[in-house]
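Fold and geometry: a report
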Number of protein chains: 2
Amino acid sequence: MKLIDKENIDFGLLLSQHGLSKTSFRKFLIELFYKTHHALSVDEIINNLSYQIDKVSIYRALNAFEKNGLIHKVPDKANLIKYALCKSECSSEKHLHNHAHLLCSICNETYCINDFKIPVVNEYKGFLINNLKVILEGSCVDCQQI
Amino acid sequence: MKLIDKENIDFGLLLSQHGLSKTSFRKFLIELFYKTHHALSVDEIINNLSYQIDKVSIYRALNAFEKNGLIHKVPDKANLIKYALCKSECSSEKHLHNHAHLLCSICNETYCINDFKIPVVNEYKGFLINNLKVILEGSCVDCQQI
DNA sequence: TGATAAATGCAATTGATTTGCGTTTATTTT
DNA sequence: AAAATAAACGCAAATCAATTGCATTTATCA
Ligand SMILES: [Mn+2]
Ligand SMILES: [Mn+2]
Ligand SMILES: [Zn+2]
Ligand SMILES: [Zn+2]
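This section reports on the structure supplied with the text. (Residues numbered from 1 in each chain as written. Chains lettered and ligands numbered in written order. Predicted model: local features only at pLDDT ≥ 70, side-chain atom pairs only at ≥ 80, totals over all residues. Heavy atoms only, no water.)

1. Observations concerning the overall build of chain A
So the rule is basically this: In this text, helices come from DSSP runs of H or I with a minimum length of four residues, and strands from runs of E with a minimum of two, each type numbered from the N-terminal end. Accessible area is worked out with a 1.4 Å probe on protein chains only. A residue is then buried under 20% of its type maximum, exposed over 50%, and partly exposed in between. The contact rule is simple, with two residues in contact once any of their heavy atoms fall within 4.5 Å. Each accessible area value is a Shrake-Rupley result obtained with a 1.4 Å probe; residue values ignore everything except the protein chains displayed when judging cover. By the counting scheme adopted, Arg and Lys are positive, Glu and Asp are negative, and His together with the chain ends is not counted. We put the charge of a Lys on NZ, of an Arg on CZ, of an Asp on CG and of a Glu on CD.
When helices and strands are tallied, chain A shows five helices and seven strands. Across chain A, helices and strands are ordered from the amino to the carboxyl terminus as α-α-β-α-α-β-β-β-β-β-β-α. Each principal axis of the C-alpha distribution contributes one length, and for chain A these read about 50 × 45 × 30 Å. Counting only residues that meet the buried cut, chain A has 42% of its 146 residues in that class. For chain A, restricting intrachain contacts to residue pairs at least 6 apart in sequence, the fraction spanning at least 24 positions comes to 52%. Here chain A displays about 8,600 Å² of accessible surface, and carbon together with sulfur accounts for 50% of that area. Within chain A, one finds 17 positive and 16 negative side-chain charges whose respective centroids are separated by 4 Å.

2. Concerning the coordination of the zinc ion (ligand 4)
All names here are of chain B. Which entries qualify depends on this criterion: Atoms of type N, O and S within 2.8 Å of a metal are treated as its donors, and for Na, K and Ca the window is 3.2 Å; water is not considered, so some sites may appear to be missing partners. Geometry is assigned from donor-metal-donor angles: four donors are tetrahedral when every angle falls between 85 and 135 degrees, four are square planar and six octahedral when opposite donors sit over 155 degrees apart with all other angles between 65 and 115, and any other arrangement is irregular.
Coordination of the zinc ion (ligand 4) by the protein involves Cys-104 (SG), Cys-107 (SG), Cys-140 (SG) and Cys-143 (SG), with metal-donor separations of 2.1 to 2.4 Å. Taken together, the four donor atoms surrounding the zinc ion (ligand 4) define angles of 101 to 119° at the centre, an arrangement classified as tetrahedral. Along the chain, the residues donating to the zinc ion (ligand 4) fall in the pattern C-x2-C-x32-C-x2-C. Of the two residues, Cys-104 is situated in strand 4 (residues 100-104) and Cys-140 in the loop between strand 7 (127-139) and helix 5 (141-144); the sequence distance between them amounts to 36 residues. In this structure, Cys-104 and Cys-140 share a single accessibility class: buried.

3. So, the sheet that holds strand 3 (residues 82-85) of chain A
Residue and element names in this part refer to chain A. Put simply, the rule reads: Strand pairing is assigned whenever DSSP identifies at least 2 bridges connecting the two strands.
If you walk across this open sheet you meet the three strands as 1-3-2, and the pairing is antiparallel. The open sheet has two free edges, formed respectively by strand 1 (40-41) and strand 2 (71-73), since each of these has just one partner strand. In this sheet, strand 3 lies alongside strand 1 in antiparallel orientation, the contact comprising two bridges. Residue pairing across strands places Leu-40 opposite Tyr-83, the latter belonging to strand 3.

4. Observations concerning the coordination of the manganese ion (ligand 1)
Residue and element names in this part refer to chain A. Every protein donor of the manganese ion (ligand 1) is listed here as His-72 (NE2), His-99 (NE2), His-101 (NE2) and Cys-112 (SG), and their distances to the metal cover 2.0 to 2.3 Å. For the manganese ion (ligand 1), the donor residues sit on a single chain with the sequence spacing H-x26-H-x1-H-x10-C. Taken together, the positions of His-101 in strand 4 (residues 100-104) and Cys-112 in strand 5 (residues 110-113) put the pair eleven residues apart, joining distant regions of the chain.

5. What to know about the nonpolar core
Worth spelling out the cut-off: Within this scheme, the nonpolar core is defined by two criteria: the residues are buried Ala, Val, Leu, Ile, Met, Phe, Trp, Tyr or Cys, and they are joined through side-chain atoms within 4.5 Å.
Residues Phe-116 of chain A together with Phe-116 of chain B are the most contacted members of the largest nonpolar core, which totals 32 residues. Ignoring sequence-local partners within four residues, the contact set of Phe-116 of chain A consists of Ala-100, Val-134 and Leu-136 of chain A together with Pro-119, Val-121, Tyr-124 and Leu-132 of chain B.

Put into structure tokens, the structure is as follows:
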């Protein structure tokens, strides 16, 4: 469970650059995505907050972040809404993701992985393919140590 | 949209062999799975019925079919519950699926494909993999012809 | 500072799926 | 074949994540 240096990111500026107002909750939220190394659900966001916030505001913030290229939806074991940080190349105009996801069947967390080689398929029996999703299911390092 | 011969299957017997009672609706339902070549949602089942049936009975039949190895859940674009027929090897003891799925972004149908080669991965950076899912997204043959 | 747009809170709604329970239908046992 | 047991069904109600409407607050911009 390594932590990457936070690199002194100005989260307010980041929000502005993506066309979003910098409110205290949204600054907290984007920072939370930067320091968490797995995908976040609404409930996990609530658990990380030191104050109360309406779930509706969380859903709206997540939708706005996604629309403006800050985060992307990831698969979740229970089909709940769950998001992870985008690469800096993403914007509202172009969301591009071509990476696999790792799902732990024990703790139910989702991780993005960037160095798994996704097969390239353009066509399958007349079916035109624009996107190929790969989901690796299993048990994460932490959950094996039990 | 080819149709495979129905091969004179005794659907009542098939239900019995899987530990299920042969009611008229369940015979109709398993037959519908056999003659449809894409995965079925609850609404599509209703559209195929010539009489009324409670949605709850459909959900319960689907759960029972899945539990007893007749059908398996497939991914769906809108995260609705959708099922497709299992291979005859499946039973309540052992459900084994190792095939990819094709999702048409236009008509939203899901197809099982059996000859797409799934990458074999047992481990990824300490993460133990038991299952690897592949989803091909694109446009099906019918939808391209518009 | 004042006008305009974005974000928030609260209440209500939506929509798919599940649960409880009494009744009907199918299967098994006498 | 009738009685006993178990499975499936129908209807109403509940669940639960997610969305919507609307009034209020906060942020942005001129
Ligand atoms: Mn990802
Ligand atoms: Mn399948
Ligand atoms: Zn885990
Ligand atoms: Zn299609």
